[in-house]
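Given next are the chains, with one letter for each unit.
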Amino acid sequence: QVQLVESGGGLVQAGGSLRLSCAASGSVFSIGVMGWYRQAPGKQREPVAITTSGGSPNYADSVKGRFTISRDNTNTKNAVSLQMNSLKPEDTAVYFCAAIQSGMIYWGQGTQVTVSS
């Protein structure tokens, strides 16, 4: 079992920045993929940024050049962060941390990001 706890998020004006963090606990060994998804009201959950162990990150086209994902899996720590710059109102959503281990996907509780125009 993997537990994910997110922090960060909040309300920011368009053009501003926010940083989301996610810490994994439990059976963190062999977590291959960690990343961030988001879900806006009335829309499906969509991937925002994904990182694999030792691989290059992948970003949704809508956030390329504005968002940066970073991962820390040194020692027994598994954490992932999302630096979000030049935020737009359309980035408003609940952001979820995700981790994939042994074919199972685990989700954080979600954190609200609201960008005002």
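First things first, this report covers the structure right here in the doc.

The rules behind each value
- Residues numbered from 1 in each chain as written.
- Predicted model: local features only at pLDDT ≥ 70, side-chain atom pairs only at ≥ 80, totals over all residues.
- Heavy atoms only, no water.
- Patch = residues over 30% accessible without salt bridge, like charges linked within 9 Å, V, L, I, M, F, W, Y side chains within 5 Å.
- Areas by Shrake-Rupley, 256 points an atom, 1.4 Å probe, with all protein chains shown as cover.
- Salt bridge = Lys/Arg side-chain N within 4 Å of Asp/Glu carboxyl O.
- Helix = DSSP H or I, 4+ residues; strand = E, 2+ residues; numbered from the N terminus.
- Buried < 20%, exposed > 50% of the residue type's maximum accessible area, 1.4 Å probe, protein only.
- Polar contact = N/O pair within 3.5 Å; in protein donor to acceptor, adjacent residues only side chain to side chain.
- Contact = heavy atoms within 4.5 Å.

### Let's talk about a nonpolar patch on the surface
For step 1, the next point in the chain: Residues Ile-100, Ile-105 and Trp-107 make up a contiguous nonpolar surface patch of roughly 230 Å² in combined accessible area.
For step 2, the next point in the chain: Among the secondary structure elements, Ile-105 is positioned in strand E10 (residues 104-107).
For step 3, the next point in the chain: For Ile-105, a relative accessible area of 37% corresponds to the partly exposed category.

### Description of the side chain of Asn-78
For step 1, the next point in the chain: Among the structural elements, Asn-78 can be located in strand E8 (residues 78-84).
For step 2, the next point in the chain: A residue is classified by how much of its surface remains accessible, and Asn-78, at 7% relative accessible area, is buried.
For step 3, the next point in the chain: Within the local environment of Asn-78, its side chain forms a polar contact with the side chain of Arg-71, the two groups lying 3.2 Å apart.
For step 4, the next point in the chain: With sequence-adjacent residues up to four places away left out, Asn-78 is seen in contact with Cys-22, Ala-23, Ala-24, Val-28, Ile-31, Met-34, Arg-71, Asp-72 and Asn-73.

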